[in-house]
2 protein chains.
Amino acid sequence: MLTSSKYIENAVDQLSSLPGIGRKTALRLVLNLLNRSDEEVKRFSESFKDLKVNVQFCKTCFNLSDLEECGICRNLHREKNLICVVEDIRDIMAIEATQQYLGVYHVLGGRISPMDGIGPKDLRISELIRRIEKDDIQEVIFALSPTLEGDTTSFYLFKKLKEMGILVTSIAKGISVGNELEYTDEVTLGRSILDRKPFEKQSI
Amino acid sequence: MLTSSKYIENAVDQLSSLPGIGRKTALRLVLNLLNRSDEEVKRFSESFKDLKVNVQFCKTCFNLSDLEECGICRNLHREKNLICVVEDIRDIMAIEATQQYLGVYHVLGGRISPMDGIGPKDLRISELIRRIEKDDIQEVIFALSPTLEGDTTSFYLFKKLKEMGILVTSIAKGISVGNELEYTDEVTLGRSILDRKPFEKQSI
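Below, the structure is looked at part by part. (Residues numbered from 1 in each chain as written. Chains lettered and ligands numbered in written order. Predicted model: local features only at pLDDT ≥ 70, side-chain atom pairs only at ≥ 80, totals over all residues. Heavy atoms only, no water.)

### A closer look at the relation of the copies chain B and chain A
Here's step 1: Here chain B sits on chain A after a turn of 179° about the axis and a move of 0.0 Å along it, with an RMSD of 0.1 Å. Here the two chains are linked by the operation of a two-fold rotation axis. For chain B, the residue whose C-alpha comes nearest the rotation axis is Ser-45 of chain B, separated from it by 2.5 Å. (Least-squares fit on C-alpha atoms with pLDDT ≥ 70 in both.)

Right, dumping it as structure tokens:
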């Protein structure tokens, strides 16, 4: 027991159950909360109260949403025949922040990783295939992390999708914009040479 | 706006209002909460709900406590005529963890820091003096951080207390136990030579 208050202790327990927050950090956060007004602490507490009740998965793309369908799927200006497959809703946010993509998404909910006991059945792959069969999808873009697990997942998906007669693409892997060539790792640099593009077709 | 849900956004706002937690970290934490059961999220939310109502300052030493007086002040085995002056309740926890101190505490609530606009009046100094006048205190130990602000606070307090006829001491500053001599900074090492003690009086 760190403190002389079981209420502080309880709040510390709860905060330190979050990933990356230890008991000392949690205590610092709780002391910060105790320095605020009653009203502010109430707002803090209540922001988590109805979280689970109000937030649901979008029935189409499995993004998190307050409504049955998320804002991206409801948006009439987005190209509904272009699906970008991502692992996680945080990847949607990262891609949305680029403002370069106008299609819709499909959240797999992870990647195939035998080490962590995650197989294809744990991901929303059948939902993706049903979506492609049902809607008139023209292109599926794989936007998975270029790691062992991400690549495994991409290959597995590609095998499943290639007979469906749609264009399957993958986001470009290469040297990061703004990086020095000499400090780029050899795998990335090698891949960026193999995947070279005609200069006039480069995006700026 | 990072996400497509105003409930997530609200929870992210609240978590990122805590010190050291940015919006991306907050989002990671909220997604972790969303993966839990309704019951668990409710417990998380409720741990902060009654925090302000139930936790109060100990009327004697200003430690945080569930009752009017904290467990240390209520403890009959603690020496009530020995007060250790600390900046913060976290310092109490650090000292309690050593299991070497059997007196009581007095939490100043900060240290004199003109840069941050904290003067003697913002600290619980008058409460300390009243306590010394009222009770039969024999020794006051300064356990403030050996920084510019900590030392300033100690000097200010010493000036106030020296005419009250009580013993005023300060915790020992010197080379950390387990540290190599050659890597100790010269100020600390210099001080540890000036503050040397007869060998047979060393604590082990």
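### A look at the sheet that holds strand E3 (residues 79-86) of chain A
Residue and element names in this part refer to chain A.
Here's step 1: Taken in spatial order, the four strands of this open sheet run E4-E3-E5-E6, and their pairing is parallel. Across the chains shown, the open sheet's two edge strands, defined by having one partner strand only, are strand E4 (103-107) and strand E6 (167-170). Averaged over all pairs of adjacent strands, the angle between strand axes in this sheet comes to 25°, irrespective of strand direction.
Here's step 2: Across four bridges, the pairing between E3 and strand E5 (residues 139-142) is parallel. Bridging across to E5, Cys-84 finds its partner in Ile-141.
Here's step 3: Running over the sheet, helix H6 (residues 89-98) touches E3 and E4 and is turned about 160° from E4.
Here's step 4: The strands touched by helix H8 (residues 148-161) within the sheet are E3, E5 and E6, with E5 carrying the most contacts at an inclination of about 165°. (Pairing = 2+ DSSP bridges. Helix = DSSP H or I, 4+ residues; strand = E, 2+ residues; numbered from the N terminus. Axes fitted to C-alpha atoms, helices over the stretch in contact; angles between N-to-C directions. Contact = heavy atoms within 4.5 Å.)

### What about the interface of chain B and chain A?
Frequently, the measure chosen for interface size is the accessible area that the parts lose on association.
Here's step 1: Across the boundary between the two partners, chain B contributes 47 residues, which contact 48 residues of chain A.
Here's step 2: Of the roughly 4500 Å² buried where chain B meets chain A, counting both sides, 68% is carbon and sulfur surface.
Here's step 3: Between chain B and chain A we count eleven residue pairs in polar contact (both at pLDDT 80 or more) in total.
Here's step 4: Of all the elements in the fold, those that place two or more residues in the side of chain B that touches chain A are helix H1 (6-16), helix H2 (23-34), helix H3 (38-49), helix H4 (51-54), strand E2 (64-65) and helix H6 (89-98) of chain B. (Buried area = accessible area lost by both parts, 1.4 Å probe. Polar contact = N/O pair within 3.5 Å; in protein donor to acceptor, adjacent residues only side chain to side chain.)

### Comments concerning the sheet that holds strand E3 (residues 79-86) of chain B
All names here are of chain B.
Here's step 1: Judged by pairing direction, the sheet is parallel, and its four strands sit side by side in the order E4-E3-E5-E6 without closing on themselves. Two strands close off the open sheet at either side, each with one partner strand: strand E4 (103-107) and strand E6 (167-170). With strand direction ignored, the average angle separating the axes of adjacent strands in the sheet is 25°.
Here's step 2: On top of the sheet, H6 reaches E3 and E4; it is set at about 160° to E4, its chief contact.
Here's step 3: Along the sheet, helix H7 (residues 125-134) makes contact with E3, E4 and strand E5 (139-142), crossing E4 at roughly 150°.

### A few points about H8 of chain A
Each α-helix turn comprises 3.6 residues. Residues three or four places apart therefore point the same way.
Residues and elements named next belong to chain A.
Here's step 1: Here H8 contains 14 residues, and its C-alpha end-to-end distance of 20 Å stays within 8% of the 20 Å for a straight helix at 1.5 Å per residue.
Here's step 2: Residues of H8 that are buried: Gly-150, Thr-153, Ser-154, Leu-157 and Leu-161. An end-on view of H8 places all buried positions within 100° of arc, on one side of the element. Facing away from the buried side of H8 by over 90 degrees, the exposed positions are Leu-148, Phe-155 and Lys-159.
Here's step 3: Elements that come into contact with the buried residues of H8 comprise E3, helix H7 (125-134), E5 and E6. (Expected span 1.5 Å × (residues − 1). Buried < 20%, exposed > 50% of the residue type's maximum accessible area, 1.4 Å probe, protein only. Arc of directions from axis to C-beta.)

### Re a positive patch on the surface
Here's step 1: Taken together, Lys-42 and Lys-49 of chain A together with Lys-42 and Lys-49 of chain B make up a surface patch of like positive charges.
Here's step 2: For the positive patch, the secondary structure elements donating two or more residues are helix H3 (38-49) of chain A together with H3 of chain B.
Here's step 3: As for its position among the elements, Lys-42 of chain A is in helix H3. (Patch = residues over 30% accessible without salt bridge, like charges linked within 9 Å, V, L, I, M, F, W, Y side chains within 5 Å. Areas by Shrake-Rupley, 256 points an atom, 1.4 Å probe, with all protein chains shown as cover. Salt bridge = Lys/Arg side-chain N within 4 Å of Asp/Glu carboxyl O. Lys, Arg positive; Asp, Glu negative; His and termini not counted. Charge placed at Lys NZ, Arg CZ, Asp CG, Glu CD.)

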